[in-house]
Amino acid sequence: MTDLPVHLKAPEDEAGKQVASVRGSAHKASTANDPGSYAGNSAVLATMHGKEGAISAVLFDRLGLIVDTVPNLDTDVLGTFTGEVPRTGTIRETVIAKARLGMAASKRSIGIASEGSYGPHPHIPFVAGGIELMVLVDDSREIIVTEHLIEDTPIFDHAFAYPNDELGAFLDRIEFPDHALIVKAAEPSLAAGPVYKGLRDKEALASAIIDCAAHSPDGRALVQTDMRAHMNPTRMATIRRLAAVFAERVATPCPACAMPGYGLVDVETGLPCEACGAPSIMVRHQVFGCVSCEHRERRPRLDGHSHADPGHCPECNP
Ligand SMILES: [Zn+2]
Ligand SMILES: [Zn+2]
């Protein structure tokens, strides 16, 4: 069910590379007098799942950016959580493509989109985790600004069920019916079986399990959380928190060229070992950078640690 592996660093790494490839050309005239300000600009948010409720007001309040949506946009062509349309490309490529769908449909030069990926937690075994990525694609300023957030406690789970199985503990854990469910055959045969989405009713859930289990060679149905934002209020709240972090980033101008979106683009490892001084695998610097010019700046770790525990040292603890 997991659509994409959860990669902690991938979006920022990708950001650095992708941005480098669009640099070098002179900037087009920006839509505002101050290139660092989005006040009074308008943008289109590409969503089919009601994300405007979590994003638009946050961006308007912080940036003065007017964000609205396009009706009848089909972002499912880029892949779905339920897997009917497989996702190709990285989460960053997908979210940029989604923003561009909205821009093309509305003939706007500024687009916003968000994309999530849920699966095994990147650091904690046997625990689910998620990453949410948000993007602003601005063809008038020729910039792409991304920001992400790791969700440590998503409501993302699944269970296998025979017809009439007692699912009480599972349903409590995933906070059903606030959080909706998807049901399909546990072992789909070559001919795809039925898929029920957005289930928030116990009777509908029970009959979906009966139908899907009958289509599965092992007689079981797969019951999983519906991760679409409007079906998973925990995910919607995560997107709202990301919108606030993202707005701060867009509001931060580059100290060299004043373009919006200045922030963390990379980390450098090699924090010296406190026993032997050799470079460890721990983060030594955060690298802040501009999405438009070459400006880069190293900053020390936020926690102030200047040396690493020898346990993270390849010399002391090979
Ligand atoms: Zn050492
Ligand atoms: Zn700059």
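Residues numbered from 1 in each chain as written. Chains lettered and ligands numbered in written order. Predicted model: local features only at pLDDT ≥ 70, side-chain atom pairs only at ≥ 80, totals over all residues.

### Digging into the overall build of the protein
How we decide: Elements are defined by DSSP. Helices are runs of H or I of four residues or more, strands are runs of E of two residues or more, and each kind is numbered from the N terminus. To sort residues by exposure, count the other C-beta atoms lying within 10 Å of each residue's C-beta; 20 or more gives buried, 12 or fewer gives exposed, and values between give partly exposed, all with C-beta atoms placed from the backbone.
From N to C terminus, the protein includes six helices and 12 strands. Counting the 318 residues in the protein, one finds 38% classified as buried.

### Here's the deal with unusual backbone geometry
A cis amide bond links Phe-176 to the next residue, Pro-177, at an omega of 5 degrees. Its identity as a non-glycine residue notwithstanding, Lys-107 has a phi of 55 degrees, on the positive side. Its location among the elements puts Lys-107 in the loop between helix 3 (91-106) and strand 3 (110-120). Overall, Lys-107 belongs to the exposed group, with 8 C-beta atoms counted inside 10 Å. The phi torsion at Ala-258 lies on the positive side, around 70 degrees, for a residue other than glycine. Tracing the chain through its elements places Ala-258 in the loop between helix 6 (233-250) and strand 10 (263-269). Taking the number of C-beta atoms within 10 Å as the measure of exposure, Ala-258 has 15 and is therefore partly exposed.

### Focus on helix 5 (residues 202-214)
Cut-off, in case you're wondering: To estimate the expected span of a helix, subtract one from its residue number and multiply by 1.5 Å. Directions drawn from the helix axis to the C-beta atoms are what define this arc. A residue pair is marked as a contact if its C-beta atoms, positioned from the backbone, fall within 7 Å.
Over its 13 residues, helix 5 runs 19 Å from end to end, which matches the ideal 18 Å to within 8%, given 1.5 Å per residue. Those residues of helix 5 not exposed but buried are Leu-205, Ala-208, Ile-209, Cys-212 and Ala-213. Taken around the axis of helix 5, the buried residues stretch over an arc of 125 degrees, which confines them to a single face. Structurally, helix 5 contributes buried residues whose contacts are with strand 6 (158-161), strand 7 (181-185), strand 8 (195-199) and strand 9 (221-225).

### Quick look at the sheet that holds strand 12 (residues 296-300)
Two pairing modes exist for strands in a sheet, parallel and antiparallel, and in both the strands are linked by backbone hydrogen bonds. Spelled out, the test is: For two strands to be treated as a pair, DSSP must find no fewer than two bridges joining them. Here the axes come from fitting lines to C-alpha atoms, over the contacting stretch only for helices, and the angles between their N-to-C directions go from 0 to 180 degrees.
Pairing within the open sheet is antiparallel, and its three strands lie in the order 10-11-12. The strands lining the two open edges of the sheet, one partner per strand, are strand 10 and strand 12. Strand-to-strand twist of the sheet, defined as the mean angle between neighbouring strand axes without regard to direction, takes the value 30 degrees.

### Here's the deal with helix 3
In a regular helix each residue adds 1.5 Å, so 16 residues correspond to 22 Å; helix 3 covers 23 Å between its end C-alpha atoms and thus fits that length. For helix 3, the buried fraction is high: 12 of the 16 residues fall into the buried class. Turning to helix 3, its buried residues number three or more, namely Ile-91, Arg-92, Thr-94, Val-95, Ile-96, Ala-97, Lys-98, Ala-99, Leu-101, Gly-102, Met-103 and Ser-106. Lys-107 occupies a position one or two residues after helix 3 and carries a positive phi of about 55 degrees.

### With respect to the nonpolar core
Soluble, globular proteins show a tendency: their nonpolar side chains are buried together. Going by this rule: Only buried residues count toward a nonpolar core: Ala, Val, Leu, Ile, Met, Phe, Trp, Tyr and Cys, linked into one set through C-beta atoms within 7 Å.
Membership of the largest hydrophobic core comes to 43 residues, with the highest contact counts inside it found for Leu-45, Ile-55, Leu-59, Ala-99, Ile-112, Val-135 and Ala-243. It is helix 3 that contributes the most residues to this core, seven residues altogether. Contacts of Ile-55, omitting those with residues within four sequence positions, involve Leu-45, Val-67, Ile-112, Ile-239 and Ala-243. Judged by nonpolar contacts, the second largest core, of 24 residues, contains Phe-176, Leu-205, Val-223 and Met-227.

### Details of the pairing of strand 9
Within strand 9, four of the five residues are buried, which leaves it mostly tucked inside the rest of the structure. Summarising the sheet, strand 6 and strand 9 pair through four bridges and their orientation is antiparallel. Residue pairing for strand 9: Phe-160 is matched across the bridge by Leu-222.

### Side note on the confidence of the model for the protein
Counted only if it meets this: A score between 0 and 100, pLDDT records how confident the predictor is in each residue.
With 86% of its residues at a pLDDT of 70 or more, the protein shows a mean pLDDT of 86. The model gives residues 1-32 a pLDDT under 50, and that stretch makes 60 contacts with residues more than four places away or in other chains.

### So, the environment of Arg-235
When you line up the elements, Arg-235 lands in helix 6. On the basis of neighbour count, Arg-235 is assigned to the buried category, with 28 C-beta atoms found within 10 Å. The contact partners of Arg-235, leaving out residues within four places of it in the chain, are Gly-116, Pro-154, Met-227 and Ala-229.

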